Amino acid sequence: MKFLVTGGAGFIGANFVEYMVNKYPEDEIINLDALTYAGNLETLKNVEDKPNYKFIKGDIADREFIFDLFEKEKPDVVVNFAAESHVDRSIEDPEIFVKTNVMGTTTLLDACVKYGIKRYHQVSTDEVYGDLPLDRPDLFFTESTPLHTSSPYSSSKASADLFVMAYGRTYGLPVTISRCSNNYGPYQFPEKLIPLIISRALNDETIPVYGTGENVRDWLHVYDHCVAIDMILRQGKEGEVYNIGGHNERTNLEVVKTVLRALNKPESLITYVTDRKGHDMRYAIDPTKMETELGWKPVYTFDTGIPQTIEWYLNNKDWWENIVSGEYQNYFQKMYVDKGRVEE
Ligand code: NAD
Ligand code: TDX
């Protein structure tokens, strides 16, 4: 089987590429990535010389390029991770989210219709369901929860999901969608909460907590997400949506304090900053369908995954220091300092 994995130089895509290349040496894995600010080929050092792996640089929204690629490679399976993925960036500049997340997806779908495919899998997010109130801990997102988005990012992801389902129904394309909760683990770009805390705390820098820090996220280790997608590709039913999550809900403040404690850094580093516009209160996945229909169960809990992740960041300082010393610094200046969220 030939897999076309898009966005495989990003956080989750790269973890998935490494997992697939090692687990299925008989399969061919093509990694297609535009190498935006979030794409980093250093992340793929462990697989770049493997015979069943190939990297191609390109934009999923470039129609001519995508059709040429399909003509040449004729992939059996497409797994679409490629996206603009950061909510704060979507609030600053929504348009690139429409281009990559919506038009990039429809471009891939059109190529799948033209060239035929055994499976198109869309990597989506629990953010398409909007948020849950803090005072209703009994509520969870199921696959039939209505889409009700808050940010330009989640709106672009929900739009893409609707196109994926429409191509399934209208053109008979064999599609599946997974909607996962917040991921953490090795190779996550340090603009996202957990690697941001680790990298800044190790440098004794302030940790910006939006609003009161009581917002809740449902954390899943990236390894468990990769296993879940592999299971959906092999055993999932066409036309179905699968929610992925492991019941690891934590407030942001709990996450920050847990990481600071593990690093032996003081809570005085915590700095409360202006809240994110439209900030979702709580995400919480009901993973019953994955568990009962596919037999998926996460390996990590938050309590085992966080120490593993911290250890990885400690052992791979070069990886994130290269990022922190580059464009990332400008980003922090633009998003936090220039906006008056923090004084530096
Ligand atoms: P990321 O930002 O780390 O990586 C995205 C990758 O896509 C980068 O390598 C980037 O270069 C590439 N890319 C961006 N635009 C592209 C384009 N036009 N053409 C080709 N490549 C392009 O993102 P991530 O956190 O790894 O997320 C991967 C996917 O999983 C996304 O679709 C995201 O919506 C979804 N998701 C993420 C999380 C999370 O917690 N990070 C949770 C659920 C779902
Ligand atoms: O500096 C920060 N301070 C802070 O309090 C940052 C970066 C975040 N936060 C808060 C905002 C959120 O409530 O922490 C929480 C997590 O923030 P992010 O890491 O930006 O993730 P989130 O907005 O929840 O979205 C993530 O999960 C779902 C991914 O970025 C998405 O791609 C995915 O779809």
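Since we're looking at a predicted model, the values are computed, not measured.

(A) Layout of the site of ligand 2. As a structural note, the neighbourhood of ligand 2 is formed by 20 residues, with Thr125, Glu127, Tyr153, Arg276 and His279 the closest of them. With respect to ligand 2, the side chain of Glu127 contributes an N or O atom lying 2.6 Å from an oxygen atom. Tyr210 is positioned with one of its backbone polar atoms (N or O) 2.9 Å from an oxygen atom of ligand 2. Protein chains shield 94% of the accessible area of ligand 2, which is 650 Å² for the free molecule. Within the residue set of the shell around ligand 2, elements represented by two or more residues are helix 6 (193-202) and strand 8 (207-210). No other element matches strand 8, which puts three residues into the shell around ligand 2.

(B) Here's a closer look at the site of ligand 1. For ligand 1, the set of nearby residues contains 28 residues, the closest of which are Ile12, Asp33, Ser85, Tyr153 and Lys157. Residue Ala34 places a main-chain N or O atom 3.1 Å away from a nitrogen atom belonging to ligand 1. Protein contact buries 96% of the 830 Å² of open area that ligand 1 shows by itself. Elements with a minimum of two residues in the shell around ligand 1: helix 1 (11-23), strand 5 (119-125), helix 5 (152-171) and strand 7 (182-184). Take the shell around ligand 1: its biggest share by element is three residues, from strand 5. Of the residues belonging to the shell around ligand 1, the class tally is 13 nonpolar, twelve polar and three charged.

The rules behind each value
Residues numbered from 1 in each chain as written. Chains lettered and ligands numbered in written order. Predicted model: local features only at pLDDT ≥ 70, side-chain atom pairs only at ≥ 80, totals over all residues. Heavy atoms only, no water. Near = heavy atom within 4 Å. Polar contact = N/O pair within 3.5 Å; in protein donor to acceptor, adjacent residues only side chain to side chain. Areas by Shrake-Rupley, 256 points an atom, 1.4 Å probe, with all protein chains shown as cover. Helix = DSSP H or I, 4+ residues; strand = E, 2+ residues; numbered from the N terminus. Nonpolar A, V, L, I, M, F, W, Y, C, P; charged D, E, K, R; others polar.

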